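# Examination of the molecular architecture
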Number of protein chains: 2
Amino acid sequence: MKEVSIGILGAGNVGRGLIELIARDGEAIAARTGIRLKVAAVFDRSYQKKSEALAGVPASDDPSIVLSNPDVSIVVELLGGLSPAGDLIRSALSAGKAVVTANKALVSSPAGPELLKLAQDQNLNFGFEAAVAGAIPIIRTLRMHCVSGEVRSIRGILNGTCNYMITRMEEDGLDYDAALRLAQEKGFAEADPTFDVSGQDAAQKLAILAGIALDSYVPVDRLRVEGIESIRPVDLKIARRMGWVIRLLAIARRTDAGELLRVHPAMIQEDHILASVKEERNAVFVDSTSAGPSLLVGKGAGSHPTATAVLSDVIDLARGGEVRPALFQKTEPEARADFNYRFYVRVQTHDRPGVLAEIATVFADHDISIASFHQEEGPEPVQLVIVTHAALESAMFEAVAEMDRLRAVMLPSVVIRIEDL
Amino acid sequence: MKEVSIGILGAGNVGRGLIELIARDGEAIAARTGIRLKVAAVFDRSYQKKSEALAGVPASDDPSIVLSNPDVSIVVELLGGLSPAGDLIRSALSAGKAVVTANKALVSSPAGPELLKLAQDQNLNFGFEAAVAGAIPIIRTLRMHCVSGEVRSIRGILNGTCNYMITRMEEDGLDYDAALRLAQEKGFAEADPTFDVSGQDAAQKLAILAGIALDSYVPVDRLRVEGIESIRPVDLKIARRMGWVIRLLAIARRTDAGELLRVHPAMIQEDHILASVKEERNAVFVDSTSAGPSLLVGKGAGSHPTATAVLSDVIDLARGGEVRPALFQKTEPEARADFNYRFYVRVQTHDRPGVLAEIATVFADHDISIASFHQEEGPEPVQLVIVTHAALESAMFEAVAEMDRLRAVMLPSVVIRIEDL
């Protein structure tokens, strides 16, 4: 039986979940993996308030309890954020300790490729399965698909908060604010939800997944990111009538015109399996030349699901063996900025003659062809819904900007791409 | 860069797919994994007819070309079946070579636990990711979920042939024979489809998955297995009207009354994500205490998807590291034989007075309570559809046997369990 001691940086929810799992199931883990794990030390700024959860594990508010501990061979970083996590990981690697992290912000930042390179130079492994989509083994699966052949596309539902809110608007007809409040009550959304609803959280995760698929470092700021802030129940109702549902998708796709890298709400056919992904669940749909299309669905967050992903990396590193080459060491050419899509556009106007003609003229002026048009009955603002044929994003956004300056238009228009799957 | 030589037993579709992947992508594999793979030797009875696909790799119809080759450290067994695969793997392990196999029949047979034990005694790994559900990384995922906590249930769509046929009956209204012929034309079904449509193929796969989840050896003959042979388009049509779809499910579930281990067609709610799994796709829905509910969907068969799974095991073994303890070394107590279900029953009768009373009496005599009843319009045989409240399987099968002996009943009744998800 191999004995391996780990040190934990950060005793938040996931850190305490990990300590609990190892304390409760240590014997079973040893029997199933051949590895006896011991938590040798914990660094946490407020470790004194957490003594019960730490269950006798030596703890300190000085990180050297972990980093200078000669017994610790694997450091698990669960602090989150860029600092001090980056520096502490750098110290751990320099001290010859392998690293496991759940830190998506750090791995997707420029520090990510640097730390991965440092690990490789030290002949150490660096695991970050838990950084994306909790208990869904997407990092392992992508690496497996990438061993031979290549990933053609990734389409992920990577933010549980947004998917939960969309489900509540879609199934219960809640308005946006009520859906957000409910998500906050359930603990799925923060007091300040901006990071989730703006698409930034999904963007960090996509940068990591796309980085593996493209064998490169993909900076978050190279992704085009739109959130769900403008989506309303009426969009979901109209979508359903047309045979679609709306999901916030994180997309990386190889096209003949270059890499497409996007986070945005999208209309998808209601009979596609991604449309079945509801509530706070995460999902990743991957199409690769080696394995064909695959879908993985599961819990994207939570103390035990994330701790499970951390533990899977810990066991992998504890087994030892040849160190994997560092990911994210190449930098790809700029992703192309402009692609063709069919669009759903909801325009909110005064109820008066001539409005439709004005709007149709704007579309015509930008060479955008209208596939269908529909006016919802109801009070002002009148909701005009236009579905276009394929058009360039740049043309569409110019047309919408122009349209929103018309006197007849009362509120900003809502534009949703139609994603053909 | 670590160089690892493999030997392949069996140059069928998957074997040739693997040789092709390694020849085409060897450089990329080395760059991504740090392992340079070489196919050192191939054993195949008709190797002479396959010289083009073997692309210069030394081949022979004598397995010692692989087993006695001192360069070969990993043997990949792709012959299928119990013999000679079992003996050849035994020889490989005795010669100190790690083993990767895609052989579900062998791993689920009593030779499975024996070979896994032999591997452990030799301090060698034994990989069989490719034995279940092709490119879906279900073995890895289950092992990850089982490291701590336990798997509460597995529900798999594990036979592509059956799922394809059900989809064609459901979506195109094809009758059973036409759906089967189409599956044969598409290469999804064998000339003799018995192994697939009877549920035996799914049963072998379930035995492996349940074995990992229950940490034990689960003999295939302990599973209760029913196939799709009696399913007709009318069942799918009626199911849909009731908000259900039919899938052939392989189920392992821990219950208070013991382990439930079954392969059978089941009605599932049409809005459950498993209902979205169509065509020849495979899927596994796992609920574990550590990770919550998860779903994996993908290609369950095919040369490249299976070769991808084989390759993922080869890389894992080539990396080296601590050998995992052998699976399947415990034997579980007998799974319980009888469980409560709600049932869908389609009875095919003459069109004459009194039939319904006779049938209702049989149900009453067996204490089975009817939840709904429906008679399809149409010529003889009249189709009576009964949905029951929860009843014991034993009572239901006795009732149906008795009912099918009534003079009024023209053809065997169709019984489908309703699986509450």
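Residues numbered from 1 in each chain as written. Chains lettered and ligands numbered in written order. Predicted model: local features only at pLDDT ≥ 70, side-chain atom pairs only at ≥ 80, totals over all residues.

## Details of the overall build of chain A
- Helix and strand counts for chain A come out as 15 helices and 17 strands.
- Scaling as 2.2 N^0.38, a compact globule of 421 residues should have a C-alpha radius of gyration of about 22 Å, and chain A matches this with 24 Å.
- In terms of its C-alpha atoms, chain A occupies a principal-axis envelope of roughly 80 × 45 × 35 Å.
- Restricting to contacts in chain A with at least 6 residues of sequence separation, those with at least 24 account for 75%. (Helix = DSSP H or I, 4+ residues; strand = E, 2+ residues; numbered from the N terminus. Rg over C-alpha atoms; globule rule 2.2 N^0.38 Å. Contact = placed C-beta atoms within 7 Å.)

## A closer look at the interface of chain B and chain A
- On the side of chain A, 46 residues touch chain B, which itself brings 46 residues to the contact.
- Broken down by secondary-structure element, the contributors of at least two residues to the side of chain B that touches chain A are α1 (13-33), α7 (138-147), β12 (292-298) and α13 (303-319) of chain B.
- Here the side of chain B that touches chain A is composed, by residue class, of 22 nonpolar, 16 polar and eight charged. (Nonpolar A, V, L, I, M, F, W, Y, C, P; charged D, E, K, R; others polar.)

## Quick word on the sheet that holds strand β1 (residues 2-9) of chain B
Residues and elements named next belong to chain B.
- What the six strands build is an open sheet, ordered β3-β2-β1-β4-β5-β6; its pairing is parallel. Because the sheet does not close on itself, it has two edges, and the strands there are β3 (59-60) and β6 (126-127).
- In this sheet, strand β4 (residues 72-77) lies alongside β1 in parallel orientation, the contact comprising five bridges. Residue pairing across strands places Leu9 opposite Glu77, the latter belonging to β4. (Pairing = 2+ DSSP bridges.)

## Some points on the pairing of strand β7 (residues 151-157) of chain A
Residue and element names in this part refer to chain A.
- Within β7, five of the seven residues are buried, which leaves it mostly tucked inside the rest of the structure.
- Sheet topology note: the β7/strand β11 (residues 281-288) ladder contains six bridges and is antiparallel. When the bridges of β11 are listed, Val151 appears paired with Ser288.
- Bridging between β7 and strand β9 (residues 244-255) involves four bridges; their strand directions are antiparallel. Note that in β9 the partner of Ile154 across the bridge is Ala252. (Buried ≥ 20, exposed ≤ 12 C-beta atoms within 10 Å, placed from the backbone.)

## Side note on helix α6 (residues 111-121) of chain A
Residue and element names in this part refer to chain A.
- Buried residues of α6: Ala111, Gly112, Pro113, Leu115, Leu116 and Ala119, and no others.
- The elements touched by buried residues of α6 are α4 (85-94), β5 (98-101), α5 (104-108) and β6 (126-127).
- Asn123 sits one or two positions beyond α6 and adopts a positive phi of about 55°.

## Looking at the relation of the copies chain B and chain A
- Note on the copies: chain B fits chain A at an RMSD of 0.0 Å, the axial shift is 0.0 Å, and the rotation between them is 180°. What we have between these two chains is a two-fold relation. Ranked by how close their C-alpha atoms come to the rotation axis, the residues of chain B are headed by Gly321 of chain B, at 1.9 Å.
- When the interface residues of chain B are mapped onto chain A, 100% of them again lie at the interface, so the same face is used by both copies. (Least-squares fit on C-alpha atoms with pLDDT ≥ 70 in both.)

## Description of the environment of Ile268 of chain B
- Inspection of the secondary structure assignment puts Ile268 of chain B in strand β10 (residues 258-269).
- Separated by 97 residues in sequence, Ile268 of chain B and Asp365 of chain B place their C-alpha atoms 28 Å apart.

## Looking at the domain arrangement of chain A
Residue and element names in this part refer to chain A.
- Domain assignment breaks chain A into domain 1 (2-134), domain 2 (148-298) and domain 3 (340-418).
- Centre-to-centre, using C-alpha coordinates, domain 2 lies 24 Å away from domain 3.
- The set of elements that each furnish at least two residues to the side of domain 2 that touches domain 3 consists of α12 (233-241) and β10 (258-269).
- By residue number, the principal contributor to the side of domain 2 that touches domain 3 is β10, which donates four residues.
- Its residues assigned to classes, the side of domain 2 that touches domain 3 shows six nonpolar, two polar and one charged. (Domains from an automatic or database assignment.)

## Examining helix α1 (residues 13-33) of chain A
- If you check α1 of chain A, its first and last C-alpha atoms are just 25 Å apart, much less than what 21 residues at 1.5 Å a residue would give, namely 30 Å.
- Of all the bends in α1 of chain A, the largest measures some 75° and sits at Asp25 of chain A.
- For α1 of chain A, the set of buried residues is Val14, Gly15, Arg16, Gly17, Leu18, Ile19, Leu21, Ile22, Asp25, Ile29 and Thr33 of chain A.
- On its buried face, α1 of chain A is in contact with β1 (2-9), β2 (35-43), α2 (51-54), β4 (72-77) and α13 (303-319) of chain A together with α7 of chain B.
- A positive backbone phi angle near 80° is found at Gly34 of chain A, which sits one or two residues after α1 of chain A. (Expected span 1.5 Å × (residues − 1). Bend = angle between axes of the 7 residues up to and from the residue.)

## Overview of unusual backbone geometry
Residues and elements named next belong to chain A.
- Of note, the amide linkage connecting Ser83 to Pro84 takes the cis form, showing an omega dihedral of 10°.
- In this structure, Pro84 sits in the loop between β4 and α4.
- Despite not being glycine, Ala55 shows a phi value in the positive range, around 50°.
- Positionally, Ala55 belongs in the loop between α2 and β3 (59-60).
- By C-beta crowding, Ala55 is classed as partly exposed, having 13 other C-beta atoms within 10 Å.
- One non-glycine residue, Glu279, lies in the positive phi region at around 55°.
- Along the chain, Glu279 turns up in the loop between β10 and β11.

## Quick look at the sheet that holds β2 of chain A
Residues and elements named next belong to chain A.
- Strands sit in the order β3-β2-β1-β4-β5-β6 across an open sheet of six strands; the sheet is parallel. Two strands bound the open sheet, and with one partner strand each, they are β3 and β6.
- By the bridge criterion, four bridges tie β4 to β5 in an arrangement that is parallel. For Glu77, the partnering residue across the bridge sits in β5 and is Thr101.

## So, the packing of α7 of chain B against helix α11 (residues 200-214) of chain B
Residue and element names in this part refer to chain B.
- Look at α7 against α11: their axes get within 9 Å of each other, and the N-to-C directions meet at 20°. On the basis of their axis angle, the class for α7 and α11 is roughly parallel. Seen along the crossing, α7 lies across α11 with a hand that is right-handed. Side by side, α7 and α11 meet where Ile138, Ile139, Leu142, Arg143 and Cys146 of the first sit next to Leu209, Ile212 and Ala213 of the second.
- In terms of residue class, the contact of α7 with α11 is made up of seven nonpolar, no polar and one charged. (Axes fitted to C-alpha atoms, helices over the stretch in contact; angles between N-to-C directions. Parallel < 35°, antiparallel > 145°, perpendicular 65-115°, else oblique. Left-handed = near helix turned anticlockwise from the far one by under 90°.)

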